[in-house]
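# A structural walkthrough
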Amino acid sequence: MENDKSLRNWLDALNLNHPLVIAGPCSAETEEQVLQIARELKNSDVSFYRAGIWKPRTRPGGFEGVGAIGLKWLQKAKAETGLPMAVEVANATHVKLALEHDIDVLWIGARTTVNPFAVQEIADALEGTDKIVLVKNPVNPDLALWIGGIERLYNAGIRNLGAIHRGFSTYEKTKYRNIPEWQLPIELQSRFPDLPLINDPSHITGRRDMVKDVAQQALDLNFDGLIIETHIDPDNAWSDAAQQVTPSVLKQMFIDLKMREMTIEEDDFNSKMAKLRMKIDEADTKLLEVLGNRMKVADEIGALKKEKNVAILQNKRWNEILDKMIAEGSTKGLTEDFVLKIFKAIHQESITHQEKVING
Ligand code: PEP
Ligand code: MN
């Protein structure tokens, strides 16, 4: 699969002068909703219309999709607008129904990619078709599992393939719904340079006000396209309401996003720079998160000291920390001077926090 140039054929055949755009609601809700959104997206940069028919939900009781009836609505939307249709499939029955209804693009969701049995069942059901199949990353940051899913389809003879980067679950609270961990799609891109790579800023951010920034980051990293959840009335959407944008916001986004048209050398330099900057930004965000968590621990220590009436400053303990950190720092290429400066600042902030807890 590594050197198979034909992986890009389906994308090249679209002959776009801009990144690929897939847009449409998280879920098909009613026939009217499906049609209205499709009408708004017709005659725009959108190449494929997306809508979930079967919705994998974390807990039972949520809206689990309208089911096969939605496929009829998508067929109608396609007949009226000419937009090719994309749906999520999670088992062989979904594939069979999607094929019967002439769906053009099938994607495998993050909760399905984690399960090799399910992916194999889908691959077997798709054998012999020329449908476009897009594989979302698994919910956990496991590149091998993502690649494994794509390989199962490839081995079933499917060549119109693509990968969708939708971010990864964490237990930690972050500003993202699913943290991007950009190094994974970047690694995928360098292993399979001909495999089209699409970013899903909607599921990464979970918030419509952050969608454009993540989309821009993806374009800076040379992603081939974007899949963006788009709804006529996002606030009242039956699923993922917070992250969907209206068709007019989507259109404005494509005016604002900087799409690069550059020489090969410039392009190479810029994409290398963008990758490195992304790593720096991720490291900085992690630094702040770690520092914030450290101060929360300091607050708890402050509360404990208050309870037991113990002094804030514990010189012996502090000198031990410093010695340990200087030694650890030097194994990471950090000078003693730098480690001292950082830890003095951290210590000062920690004392300030404890004082606040103790003195109110
Ligand atoms: C979706 O695209 O609506 C969806 C369910 O996405 P994911 O599989 O990325 O959670
Ligand atoms: Mn969704």
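Under an unreviewed UniProt entry, the name given to the protein is chorismate mutase, and the organism recorded is Flavobacterium agri.

When the charged atoms of two side chains lie near each other, side chains of opposite charge can form a pair. This structure, assessed with the given rule, holds 19 salt bridges. We note a salt bridge from Lys 5 to Asp 194, for which the minimum N-O separation is 3.5 Å. Of this pair, Lys 5 sits in the segment before α1 (9-14) while Asp 194 sits in the loop between α8 (183-191) and β7 (197-199), placing them 189 residues apart in sequence. Taking relative accessible area as the criterion, Asp 194 reaches 11% and is therefore assigned buried. The partner of Asp 235 in a salt bridge is Arg 208, and the shortest N-O contact between them spans 3.4 Å.

Checked against the element boundaries, Arg 166 lands in the loop between β6 (161-165) and α8. In terms of polar contacts, Arg 166 uses its side chain to reach the side chain of Asn 178, at 3.5 Å. The contact partners of Arg 166, leaving out residues within four places of it in the chain, are Ala 110, Arg 111, Lys 136, Asn 137, Val 139, Asn 178, Asp 200, His 203 and Ile 204.

The next thing to look at is the nonpolar core. Core analysis: the largest hydrophobic core is formed by 72 residues, its most contacted members being Tyr 49, Leu 74, Ile 150, Leu 153, Leu 161 and Leu 188. The greatest single-element share of this core, amounting to six residues, is contributed by helix α7 (residues 143-155). Grouped together as the second largest cluster of nonpolar side chains are 13 residues, Leu 20, Ile 22, Ile 164 and Ile 227 included.

This paragraph deals with the sheet that holds strand β3 (residues 85-88). The parallel closed barrel is built from eight strands, whose spatial order is β1-β2-β3-β4-β5-β6-β7-β8. Across the sheet, the mean angle separating the axes of adjacent strands is 25° when strand polarity is ignored. By the bridge criterion, two bridges tie strand β1 (residues 20-24) to strand β2 (residues 48-50) in an arrangement that is parallel. Pairing of Ala 23 across the sheet is with Tyr 49, part of β2.

Quick look at the environment of Asp 4 now. On the secondary structure map, Asp 4 appears in the segment before α1. In this structure Asp 4 comes out as buried when scored by relative accessible area, which is 16%. In this structure the C-alpha to C-alpha distance between Asp 4 and Asp 194, which are 190 residues apart in sequence, comes to 7.0 Å. The contacts of Asp 4, once residues within four sequence positions are left out, are Tyr 154, Arg 159 and Asp 194. A polar contact is formed between the side chain of Asp 4 and the side chain of Ser 6, at a distance of 2.6 Å.

Cut-offs and rules
- Residues numbered from 1 in each chain as written.
- Chains lettered and ligands numbered in written order.
- Predicted model: local features only at pLDDT ≥ 70, side-chain atom pairs only at ≥ 80, totals over all residues.
- Heavy atoms only, no water.
- Salt bridge = Lys/Arg side-chain N within 4 Å of Asp/Glu carboxyl O.
- Helix = DSSP H or I, 4+ residues; strand = E, 2+ residues; numbered from the N terminus.
- Buried < 20%, exposed > 50% of the residue type's maximum accessible area, 1.4 Å probe, protein only.
- Polar contact = N/O pair within 3.5 Å; in protein donor to acceptor, adjacent residues only side chain to side chain.
- Contact = heavy atoms within 4.5 Å.
- Core = buried A, V, L, I, M, F, W, Y, C linked by side-chain atoms within 4.5 Å.
- Pairing = 2+ DSSP bridges.
- Axes fitted to C-alpha atoms, helices over the stretch in contact; angles between N-to-C directions.

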